Amino acid sequence: MMKGREEMTVAQQLKSTIATLKSVQASLELFSYETKDEKVQNCFKQACTDSDQVITSLETRLLQIEKEEPQFKTQPAPQKQS
């Protein structure tokens with residue numbers, strides 16, 4: 001049972017998805033640099049461009065959610081008192 005996943009808000013799910021996509025995008029970029037085949041390089045670069053568009057779209061949606069529902073806005077970490 002995925003109890004922890006069920007309790008995630010839409011905003012939290014979006015943040016997690018965005019982070020995962022950014023990680024995948026970084027891997028695709030690395031792959032594009034590591035291959036010698038120009039067609040494969042272009043494929044990886046196109047995948048990076050496509051993923052960037054998806055990430056931008058999801059970040060826009062996240063901002064909308066945070067604006068409409070302030071309780072989902074990312075809160076700064078509390079500062080430690082000396």
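Residues numbered from 1 in each chain as written. Predicted model: local features only at pLDDT ≥ 70, side-chain atom pairs only at ≥ 80, totals over all residues. Heavy atoms only, no water.

Participant: Help me out: how do you make sense of the overall build of the protein in this one?
Facilitator: Per the secondary structure count, the protein includes three helices and zero strands. Reading the secondary structure of the protein in the N-to-C direction produces α-α-α. Here the protein holds 82 residues, and 17% of them are scored as buried. Element-wise, carbon and sulfur atoms account for 55% of the exposed surface of the protein, whose accessible area totals about 6,800 Å². (Helix = DSSP H or I, 4+ residues; strand = E, 2+ residues; numbered from the N terminus. Buried < 20%, exposed > 50% of the residue type's maximum accessible area, 1.4 Å probe, protein only. Areas by Shrake-Rupley, 256 points an atom, 1.4 Å probe, with all protein chains shown as cover.)

Participant: Help me understand the packing of aromatic side chains in this model?
Facilitator: Here the distance between the centres and the angle between the planes together describe a pair of aromatic rings. Enumeration over the complete set of coordinates arrives at one aromatic pair. On the basis of an interplanar angle of 55° and a centroid distance of 5.5 Å, the ring pair of F31 and F44 is categorised as tilted. Of this pair, F31 sits in helix α2 (residues 10–34) while F44 sits in helix α3 (residues 38–68), placing them 13 residues apart in sequence. (Phe/Tyr/Trp six-rings, centres within 6.5 Å; stacked < 30°, edge-to-face > 60°.)

Participant: What exactly am I supposed to notice about α3 here?
Facilitator: Because the α-helix completes a turn every 3.6 residues, residues three or four places apart line up on one side. Over its 31 residues, α3 extends 45 Å from the first C-alpha to the last, a length consistent with the 45 Å expected when each residue adds 1.5 Å. For α3, the full list of buried residues reads C48, S51, I55, L58, L62, I65 and E66. Contacts from the buried residues of α3 go to α2. Backbone nitrogen of K39 and a side-chain oxygen of the N-cap are separated by 2.9 Å at the start of α3; the cap is D37. (Expected span 1.5 Å × (residues − 1). Contact = heavy atoms within 4.5 Å. Polar contact = N/O pair within 3.5 Å; in protein donor to acceptor, adjacent residues only side chain to side chain.)

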